[in-house]
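Residues per chain are reported as follows:
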Amino acid sequence: MNLSRARERRVVTGGVELCVAELGDAGRPTVVLVHGYPDSKEVWSDVAVRLAEQWHVVLYDVRGHGGSTAPKPLRGGFTLEKLTDDFLAVIDTVSPDRPVHVVGHDWGSVQSWEFVTVGRTEGRIASFTSMSGPSLDHFGHWIKRRMTRPTPRKVGELLGQGAKSWYVYMLHTPVLPELAWRGPLGKRWPRILERLEKVPAGDYPTASLPNDAAHGAWLYRDNVRARLSRPRADAYAHAPVQLITPTGDSFLSERLYDGLEDWVPTLVRRSIPAKHWVPRTRPDQLAFWIDEFVTANESAGRDGAPVAQAEAKSPYAQRFGGQLVLVTGAASGIGRATAFAFAEAGARIVAVDRDAEGAARTAEMARLIGAPAAWGEAVDVSDEAAMEKLAARVAAEHGIVDVLVNNAGIGLSGSFLETTSEEWKKVLDVNLWGVIHGCRIFGKQMADRGQGGHIVNTASAAAFQPSRALPAYSTSKAAVLMLSECLRAELAEKSIGVSAICPGIVNTNITTTARFAGTDAAEEERLRKRTSRLYERRNYPPEKVADAILRAVVRNQAVVPVTPEARGARLLSRLSPGALRAVARLKPPL
């Protein structure tokens, strides 16, 4: 995506000429995207195009960057006061009659914190979304609090952020940053971003990068030391703030935002498992959150009250809110409960099942429970071509999946000698090949994106508990368990976690569809009803398995036995496998 369809205009202010681009309907509320260092407005192109479907989107090159001219002299030309003058000139031009919603990344966020905390902009900003850029005033107070009566924890936090801020010290050196950016660093920067941040190639960075980076060094020189040493005491936000924190940010510690509530009366926190350049690597997620926050503030503004952060329905809301989660076998049982648990945590849900009607019902209920968006998809996971089409469609319409739950499965009971090749094939096609297709297709998308993710494969306690009655089912689940362990080892370097969930006897409808090898129709129906009654009496709810799945993702657990019998079998498989083998020889009562 690029800004080729944007409408450009020039805004003159403070001796510089700013290049301003606009997308979307100018009659709609305005969202202003402010770029960071060493970027130009093109860093926002993928986010801007998505937001322009709903809002009037404005991007501008900060003075000295992209198509905007640089102040003369450079020294003293990039102070926060002058950057605020520029911002006011832009919004007075593009939205003179109504407040705007501001979004800032990196240094765009640093200067936007100034915009949202100074008196002269009060009433002109409807909301602010901040990512990867703190207020210098808040940062200064943060440092002072940790230097007052220091403790080992406070000292550790200071040293940790100090190490992450190495580039700030370099930018304060005279001449060297300019020489580096206009020389080898400027040429290699696109490859550095691709390799370290997994930023995809495209219309960013632009050819103006060397000059942008050289001029932008003055953003740091003109502001950082002055503000950190003498932070403002009145730096309180006068608009609602949404803080988006990339958990893998190489330049900013998450601890830097501790105590932010003291400065921001209305604060919504989000976290995203990604690195620093999220406008390029996670535009789908950012656009979704920005759209949601702007919509909430516009609605609250019409009601005459500021937006308030909704109370989290789930303890996992901050971790999964807005993330894209795909669950197979979602029409019932563990799959449906898992979709609902992620929905309650605020995730977007793709509910996949062969049962189109059941998948649609799960998606509809997920939206009622709390999912900001949910879609039902009718797909047979054993069909590789259908899974590839599903993955391509989901990526194009909703983005790359953040959490994949390969849950679809079928049951088959009966002795090995009575199980036909066709029955073996059917079980392995769904229980094993369905998991392989999901891991391979969606896992590759996660790996190519380079921002991590998580894969959950539903195995079973049968994976480590042999049984003469379940040879095909147990074999398929043991294969899923080993596949998960192998994938976990391979994908760790891609920051993709893999968990195998191993439930025991759970009250789901898998028993109503299970097959019994070597029986006629009447006998099979009798055994099916008998097994269903056993599972109903056990009455272990699928919601507990769903909770274990969310916990496994948060903790990045490898193998998670669920239910007491599963945990006991797992323990025995390690400590006394002979005992399990002896139990396996027992013939189940008919």
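Quick note: structure is the one above.
I will try to describe carefully the structure that is included in this document.

Conventions and cut-offs
For every chain, the first residue of its written sequence is number 1, and the numbers climb from 1 along that sequence. With pLDDT at 70 or above as the cut-off, local features in this predicted model cover only qualifying residues; side-chain atom pairs require 80 or more to be listed or tallied, and sums for whole chains, interfaces and linings still use all residues. Side-chain descriptors were evaluated using all non-hydrogen atoms of the structure, hydrogens and water having been removed beforehand. Helix and strand labels come from DSSP, where a helix needs a run of H or I of at least four residues and a strand needs a run of E of at least two; each type is numbered from the N terminus. Our radius of gyration is a C-alpha quantity, and the globule rule it is checked against amounts to 2.2 Å times the number of residues to the power 0.38. When a residue's accessible area, from a 1.4 Å probe over protein chains only, is under 20% of the maximum for its type it is buried; when over 50% it is exposed; and in between it is partly exposed. In this description, contact between two residues means that some pair of their heavy atoms is separated by no more than 4.5 Å. In these tables, accessible area is a Shrake-Rupley quantity obtained with a 1.4 Å probe, and a residue counts as shielded only by the protein chains included in the view. Under the convention used here, Asp and Glu are negative, Lys and Arg are positive, and both His and the chain ends fall outside the count. The atoms used to mark charge sites are NZ of Lys, CZ of Arg, CG of Asp and CD of Glu. Two strands are counted as paired when DSSP detects at least two bridges linking them. Working convention: axes come from line fits to C-alpha atoms, limited for helices to the stretch in contact. Angles between N-to-C directions cover 0 to 180 degrees. When a carboxyl oxygen of Asp or Glu is within 4 Å of a side-chain nitrogen of Lys or Arg, the pair counts as a salt bridge. Among buried residues, those of type Ala, Val, Leu, Ile, Met, Phe, Trp, Tyr and Cys that are joined through side-chain atoms within 4.5 Å constitute a nonpolar core. Paired rings are identified among Phe, Tyr and Trp, the last through its six-membered ring, by centres lying within 6.5 Å, and are further divided according to the angle between planes into stacked (under 30 degrees), edge-to-face (over 60) and tilted (the rest). Oblique is the label for any angle not covered by the other classes, which are roughly parallel (under 35 degrees), roughly antiparallel (over 145) and roughly perpendicular (65 to 115). Rotating anticlockwise by less than a right angle from the far helix to the near helix defines a left-handed crossing, while the corresponding clockwise rotation defines a right-handed one. Ten residue types, Ala, Val, Leu, Ile, Met, Phe, Trp, Tyr, Cys and Pro, are classed as nonpolar, four, Asp, Glu, Lys and Arg, as charged, and the remainder, Gly among them, as polar. The span you would expect from a helix comes to 1.5 Å times its residue count less one. The term bend refers to the angle at a residue between two fitted axes, each drawn through seven residues, those ending there and those starting there. We define a polar contact as two N or O atoms separated by no more than 3.5 Å, with the added condition that, inside protein, one atom must be a possible hydrogen donor and the other a possible acceptor, whereas residues neighbouring each other in sequence contribute only through side-chain atom pairs. Classification remark: right-handed applies to a crossover when, strands pointing away from the viewer, the course from the first strand over the helix to the second runs clockwise.

A look at the overall build of the protein
For the protein, the count of helices and strands is 22 helices and 17 strands. Relative to the globule expectation of 25 Å for 590 residues, the C-alpha radius of gyration of the protein, 28 Å, shows essentially globular dimensions. Principal-axis analysis of the C-alpha atoms places the extent of the protein at approximately 90 × 50 × 45 Å. Burial status across the protein gives 56% buried among its 590 residues. In the protein, once contacts between residues fewer than 6 apart in sequence are set aside, the share between residues at least 24 apart is 77%. Of the roughly 25,100 Å² of accessible surface on the protein, a fraction of 55% belongs to carbon and sulfur atoms. Seen as two clouds, the 74 positive and the 65 negative side-chain charges of the protein have centres 6 Å apart.

A few points about the sheet that holds strand 15 (residues 496-503)
An order of 11-10-9-12-14-15-17 is seen for the 7 strands of this open sheet, with the pairing classed as parallel. Because the sheet does not close on itself, it has two edges, and the strands there are strand 11 (374-378) and strand 17 (559-562). Adjacent strand axes in the sheet meet at a mean angle of 15°, parallel and antiparallel pairs treated alike. For strand 9 (residues 324-328) and strand 12 (residues 403-406), the ladder comprises 3 bridges, and the chain directions are parallel. Bridging across to strand 12, valine 327 finds its partner in valine 405. Across the sheet, helix 20 (residues 542-555) is in contact with strand 12, strand 14 (453-458), strand 15 and strand 17; its angle to strand 15 comes to roughly 155°.

Some thoughts on the sheet that holds strand 3 (residues 30-34)
The strands making up a sheet associate through hydrogen bonds between their backbones, and the pairing can be parallel or antiparallel. What the 8 strands build is an open sheet, ordered 1-2-4-3-5-6-7-8; its pairing is mixed. Strands at the two margins of the open sheet, each flanked by one partner only, are strand 1 (7-13) and strand 8 (267-272). Along the sheet, successive strands turn relative to each other by an average axial angle of 20°, direction set aside. Two elements, strand 3 and strand 4 (residues 56-60), share 5 bridges in a ladder whose sense is parallel. Residue pairing for strand 4: valine 32 is matched across the bridge by valine 58. Packing of helix 2 (residues 80-94) onto the sheet brings it into contact with strand 1, strand 2 (16-23), strand 3, strand 4, strand 5 (100-105) and strand 6 (125-131), and relative to strand 1 it is tilted by some 130°. Where helix 3 (residues 107-117) meets the sheet, its contacts fall on strand 3, strand 4, strand 5, strand 6 and strand 7 (241-246), and the angle it forms with strand 6 comes to roughly 150°.

Regarding the pattern of salt bridges
All chains considered together, the criterion is met by 30 salt bridges. Notably, a salt bridge pairs arginine 282 with aspartate 402, separated by 2.4 Å at the nearest N-O pair. A residue pair is termed long-range when its members are at least 10 positions apart, and arginine 282 in the loop between helix 10 (278-281) and helix 11 (283-303) and aspartate 402 in the loop between helix 15 (384-397) and strand 12 qualify at 120 residues. One exposure class covers both arginine 282 and aspartate 402, and it is buried. Among the charged side chains, a salt-bridge network with shared partners connects Glu81, Glu114, Asp137, Arg227, Arg232 and Asp234.

So, the nonpolar core
Judged by nonpolar contacts, the single largest core of 89 residues is most densely connected at Tyr60 and Phe87. Sort the elements by how many residues they give to this core and helix 2 lands first, with 8 residues. The contact partners of phenylalanine 87, leaving out residues within four places of it in the chain, are Val32, Tyr60, Val100, Val102, Phe115 and Ile125. With 42 residues, the next largest nonpolar core counts Leu412, Val435, Leu481 and Val559 among its residues.

Considering the packing of aromatic side chains
Two measures describe an aromatic ring pair: the distance that separates the ring centres and the angle between the ring planes. Here the structure, examined in full by the defined rule, presents 16 aromatic pairs. The interplanar angle of 75° and the centroid separation of 5.1 Å between the aromatic rings of tryptophan 181 and tryptophan 189 together place this pair among those described as edge-to-face. By relative accessible area, which is 6% here, tryptophan 181 ends up buried. On the basis of relative accessibility, which here comes to 12%, the residue tryptophan 189 falls in the buried class.

So, the packing of helix 15 against helix 16 (residues 421-449)
Packing of helix 15 against helix 16 leaves a shortest axis separation of 10 Å and a crossing angle of 30°. In terms of orientation, helix 15 lies roughly parallel with respect to helix 16. Taken as a pair, helix 15 and helix 16 cross one another with a handedness that is right-handed. Here Glu384, Met387, Glu388, Leu390, Ala391, Ala392 and Ala395 of helix 15 lie close against helix 16, whose contacting residues are Gly434, His437, Gly438, Arg440, Ile441, Phe442 and Gln445. Partitioned by chemical class, the residues of the contact of helix 15 with helix 16 number 7 nonpolar, 4 polar and 3 charged.

Topic: helix 9 (residues 209-229)
Think of an α-helix as turning once every 3.6 residues; residues three or four places apart then point the same way. When the terminal C-alpha atoms of helix 9 are compared, their 30 Å separation across 21 residues agrees well with the 30 Å that a helix rising 1.5 Å per residue should span. Bending of helix 9 peaks at approximately 35° at the position of asparagine 223. Within helix 9, 15 of the 21 residues are buried, which leaves it mostly tucked inside the rest of the structure.

Quick look at the side chain of arginine 63
In this fold, arginine 63 is placed in the loop between strand 4 and helix 2. In this structure the side chain of arginine 63 is engaged in a polar contact, spanning 2.6 Å, whose partner is the backbone oxygen of glycine 77. Within polar-contact distance, the side chain of arginine 63 engages the side chain of aspartate 86 at 2.7 Å. If near-sequence neighbours (up to four positions away) are discounted, arginine 63 is found in contact with Thr13, Gly14, Val16, Leu18, Ser68, Thr69, Pro71, Gly77, Phe78, Lys82, Leu83 and Asp86.

A look at the pairing of strand 10 (residues 348-353)
Most of strand 10 is tucked away: 6 of the 6 residues are buried. Note that strand 9 and strand 10 share 5 bridges and pair parallel. Within the sheet, the bridge partner assigned to valine 325 lies in strand 10 and is isoleucine 349. A crossover connection joins strand 9 to the parallel strand 10 through helix 13 (residues 333-344); in handedness this β-α-β unit is right-handed.

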